[in-house]
Structures are given as C-alpha cells and as structure tokens.
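Chain residues, written in single-letter form:
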Amino acid sequence: MNRLLGSALFAVLLSGVFACSSPERKLPIYGERSTVEKEVDGKVQVDTVYQTIPDFAFLNQDSVLLTQDFFKDKIYVANFFFTHCPSICPTMQRNLLKAYEKYKGNPKIAFLSHSIDFKYDQPYILKDYANKLGVDNDQWQFVTGTKQAIYGMADKYLVYTKEDASVPGGYDHSGYLVIIDPEKRMRGAYDGTNQEQVDKLLEDLDVILKEYQ
Amino acid sequence: MLIRSTLYISSIIGALYLLFSCQSDLSIKTMQYATNGQKLYVTHCQNCHGAQGEGLGQLYPPLTDDQFFTQHREQLACIVKNGMAGEITVNGKTYNQQMPGVPQMSAIDIAYVLTYVTTTFGKSKTHFSQEEIEAFLAKCK
C-alpha cells in the first residue's frame, strides 16, 4: 500500500517537472506584416511577409562601403548614436560594449552603430572613436551617410532620430538596441540605457543564436 | 523577568554599537553633501563617467584617481563648470578628449557633486564648501 502511494506521488512529481519545461523560447518578429497568396502545384498557399531592413550602403570607419553582404547569415544589433553625444550615447555604448565583449569572435553576431551626426562624424572620427571605445576587430561596424539615408534608415529600425538644436549635442534620438535576424527581420528592441533591458538583450541574443545554429 | 529585560537592553546596545561602528568616518555635513551630490552626478556626469566612476575606454577617464583630485583640487570646480580639453593622465593612462562643462551649475551644486565624486570614488574625507568653490571659480582660466 505504502509503495503504491509512493510511486503515485513520484508520478505526480514527475509530471509536474515535465509540465513546466516549455518548448524552446523564440523571439517574436516585430514590424508590419502582410500576407501574399501564391499558387504551388495548383493549390493556393498563404505566406506571411514580414517587414525587413532594406538594402543599404554606408561608409564605415575604414572608409569602405558597408552593405548587407557583411551581415549575411549573421544576427546583428543596430543602434544610432554620435561621437560627441553628451547625453544617452555613452551609457548606450558602454552597454553595447558588454555585448560586443561577450560575443567577440563569434562569427554569427555583429554590431552596427549608425552616426546621426552626418556633419562631424567622418570615417576617421569614427575610427578613432571605435579604437578608444575598445573595439579592435571588424565585428562592430560604425557607419556614416547622408542625413536622408541615415535618418530614413532609423525609421526602418523604428528608432526615433531628429536634428534638433534645442537638445544637448544638437541631435535628439532614442537609445534603442535592435536585434536583426539573418532574414533582415526585427526580433527585439531594448532600451540601451536601462540595465535590466540590456541584461534581457544578452539573454535574448543567446535565444536567437539557438534558432540560427 | 529581570534577566529578560537585561538581555533585551544589552542586545539593543549591541545592535546600536554595530550600527555606529559600521558608519563611515565622514562628518554628517560631508555625508549630506555627498548625498545631494549623488543626484547631480546621475544627471550631469554618469552618462560619460559611469555609475562607479569607471569611465569608458579611452573616451572618458575614470573618476577614481585620488592623486589627480588632490593635485588638481583647485581646478576641479572649473572643470565641472567650463569643461576641459587637452592631454591628461588619469590612473597612469593618457586621455586627450573633450569634456563639455555644465555652465549653469551653481557653486553649491558644484560643491555637492565634487564632494560626492571625491569621497565616493576617491579617498577624500571632507567636503567642498560653497565659499571654497566660489574662490576656485573666480580663478578659472
């Protein structure tokens, strides 16, 4: 009798353990989506099309044109900053540096910082900045472009940017760190000035890495 | 009953003793200045110099070089108010960057923030007085 009770209890405990282990967590896909219908072998199929980051060509810290080819098969984290930013950027870059150091040498992860100070942040300024920040390989790219191209790109990443003489430094922007997957889709956005959200970013990068192993 | 209350009282004394012996050796005034300064630090300095005054790479120097503070005690107020540029050595490393100042900061606020920085990240045990800061500011280059 006692043994029966014991094994029943054991079974209940076990089921508890299994009920709690949910399937692998996946990051959501952000942005607008639409559906397209297409015919495959005479049957109509419905596909979901997600918002993606459009093609770009920006000058990087080595004065080389950087395009999406660089990020082929990679997950990358994008943000917007400028080298003379007195407000949120140093904190945001200090936090992104933690991610860079954690994944340094991992060919699946890259980082992309866009300067929104298209007047001052020439490639050699970006290079000096990268060196002094402690970035010593090409895994973290720093780019500049025309105002139209960079600010237009910020919209695509859903990051707010604006030239504004009334804010310290002359440019207003939000400090989001955005995860882009190898299919150019947005998979996460984190406030780069908030410690908890930065910890979440590091966690979520591990999650999405599993998806694209 | 007597034993119980004796025990009770002595444990209170013990707790009080522990509390005070753990207190730092800063005066009440210095601690007040540092507390006020912490808020100002978060608003005006932390972005660049970091929550622990650790700085960031070669871009922003740390605020942990007590020797620098002692040697430049008279210039610190001017650095906060007017910013600084040019080559400096902090903790044995050279920096050659630009710091924008906070020109609207009052003498008393500068006293608060510098007290916070020099006692929390440096080894100072005393506060900056408002009069002292005003005298330093009058001599800014």
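Look up: the structure comes first, before these words.
Residues numbered from 1 in each chain as written. Chains lettered and ligands numbered in written order. Predicted model: local features only at pLDDT ≥ 70, side-chain atom pairs only at ≥ 80, totals over all residues. Heavy atoms only, no water.

Considering the pattern of salt bridges
For side chains of opposite charge, pairing can occur when their charged atoms come near one another.
Residue and element names in this part refer to chain A.
Next up, step 1: Applying the stated criterion to the full structure yields 19 salt bridges over all chains.
Next up, step 2: Residue glutamate 163 is joined to lysine 147 by a salt bridge in which the shortest nitrogen-to-oxygen separation is 2.9 Å. Here glutamate 163, found in strand β8 (residues 161-163), pairs with lysine 147, found in helix α4 (residues 147-156); they are 16 residues apart in sequence, far enough to count as distant.
Next up, step 3: A residue is classified by how much of its surface remains accessible, and glutamate 163, at 30% relative accessible area, is partly exposed.
Next up, step 4: Where arginine 185 meets glutamate 183, a salt bridge forms, and the shortest distance between an N and an O atom there is 3.6 Å.
Next up, step 5: Look at arginine 185 and you get buried, because its relative accessible area is 12%.
Next up, step 6: Bridged by salt links that share partners, the residues Asp181, Glu183, Arg185, Arg187 and Glu211 form one connected network. (Salt bridge = Lys/Arg side-chain N within 4 Å of Asp/Glu carboxyl O. Helix = DSSP H or I, 4+ residues; strand = E, 2+ residues; numbered from the N terminus. Buried < 20%, exposed > 50% of the residue type's maximum accessible area, 1.4 Å probe, protein only.)

Overview of the packing of helix α2 (residues 28-44) of chain B against helix α6 (residues 107-120) of chain B
Think of two packed helices as two axes; the pair is described by the angle between the axes and how far apart they sit.
Residues and elements named next belong to chain B.
Next up, step 1: Running from N to C, α2 and α6 point in directions that differ by 100°, and their axes come no closer than 7 Å. In terms of axis orientation, α2 runs roughly perpendicular to α6. The segment α2 lies against α6, with Thr30, Tyr33, Ala34, Asn36, Gly37, Gln38, Leu40 and Tyr41 engaging Ile108, Asp109, Ala111, Tyr112, Val113, Thr115, Tyr116, Val117 and Thr119.
Next up, step 2: Residues that form the contact of α2 with α6 fall into these classes: 10 nonpolar, 6 polar and 1 charged. (Axes fitted to C-alpha atoms, helices over the stretch in contact; angles between N-to-C directions. Parallel < 35°, antiparallel > 145°, perpendicular 65-115°, else oblique. Contact = heavy atoms within 4.5 Å. Nonpolar A, V, L, I, M, F, W, Y, C, P; charged D, E, K, R; others polar.)

Regarding the sheet that holds strand β5 (residues 75-81) of chain A
Residue and element names in this part refer to chain A.
Next up, step 1: Taken in spatial order, the 7 strands line up as β4-β3-β7-β6-β5-β10-β11 in an open sheet, and their pairing is mixed. Where the open sheet ends on each side, the last strands, each with one partner, are β4 (65-67) and β11 (186-191). Recorded for the sheet is a direction-independent mean angle of 35° between the axes of neighbouring strands.
Next up, step 2: As paired elements, β5 and strand β10 (residues 176-180) share 3 bridges and run antiparallel to each other. (Pairing = 2+ DSSP bridges.)

Details of the nonpolar core
Next up, step 1: Counting 59 residues, the largest nonpolar core has A:Phe56, A:Tyr76, A:Leu133, A:Trp140, A:Phe142, A:Tyr157 and A:Leu205 as its most contacted members.
Next up, step 2: With 7 residues, the single largest contributor to this core is helix α2 (residues 89-103) of chain A.
Next up, step 3: Setting aside chain neighbours within four positions, we find A:Leu133 in contact with A:Gln93, A:Leu97, A:Trp140, A:Phe142, B:Leu56, B:Gly57 and B:Leu59.
Next up, step 4: Counting 29 residues, the second-largest nonpolar core is a separate cluster that includes B:Val80, B:Val90, B:Val102 and B:Val113. (Core = buried A, V, L, I, M, F, W, Y, C linked by side-chain atoms within 4.5 Å.)

Notes on the interface of chain B and chain A
Next up, step 1: At the interface, 16 residues of chain B touch 13 residues of chain A.
Next up, step 2: Carbon and sulfur atoms make up 54% of the surface buried where chain B meets chain A, a total of about 1,000 Å² over both sides.
Next up, step 3: Among the residues of chain B in contact with chain A, B:Asn47, B:Leu56 and B:Leu59 are the three that bury the most area, contributing 55% of the side total.
Next up, step 4: For the interface between chain B and chain A, the tally reads 1 salt bridge.
Next up, step 5: Among the salt bridges present, the one from A:Arg94 reaches B:Glu54, with a minimum N-O distance of 3.7 Å.
Next up, step 6: Taken together, chain B and chain A are joined by 6 residue pairs in polar contact (both at pLDDT 80 or more).
Next up, step 7: For the side of chain B that touches chain A, the secondary-structure elements that each account for two or more residues are α3 (46-49) and β2 (93-100) of chain B.
Next up, step 8: Residue composition of the side of chain B that touches chain A, grouped by class: 5 nonpolar, 10 polar and 1 charged. (Buried area = accessible area lost by both parts, 1.4 Å probe. Polar contact = N/O pair within 3.5 Å; in protein donor to acceptor, adjacent residues only side chain to side chain.)

Comments concerning the pairing of β5(A)
All names here are of chain A.
Next up, step 1: The buried fraction of β5 is high, at 7 of 7 residues.
Next up, step 2: As defined by bridge partners, β5 adjoins strand β6 (residues 109-115) across 7 bridges and the pair is classed as parallel. When the sheet's bridge partners are listed, valine 77 is paired in β6 with phenylalanine 111.
Next up, step 3: After leaving β5, the chain enters α2 and then returns to the sheet as β6, a path that is right-handed. (Right-handed = clockwise from strand over helix to strand, strands pointing away.)

Focus on the state of the cysteines
Next up, step 1: One pass over the full model with this rule turns up 2 disulfides over all chains.
Next up, step 2: Between the sulfur of A:Cys85 and that of A:Cys89 lies a disulfide, 2.2 Å long from S to S. The chirality of the disulfide connecting A:Cys85 with A:Cys89 is right-handed, given an S-S dihedral of about 90°. Accessibility classification places A:Cys85 together with A:Cys89 in one group, the buried group.
Next up, step 3: With no disulfide of its own, B:Cys45 lies closest to B:Cys48 among cysteine sulfurs, the gap being 8.7 Å.
Next up, step 4: Unpaired in this structure, B:Cys48 has its nearest cysteine sulfur neighbour in A:Cys85, at a distance of 8.0 Å.
Next up, step 5: Among the residues examined, B:Cys48 registers a relative accessible area of 16% and is labelled buried. (Disulfide = S-S within 2.5 Å.)

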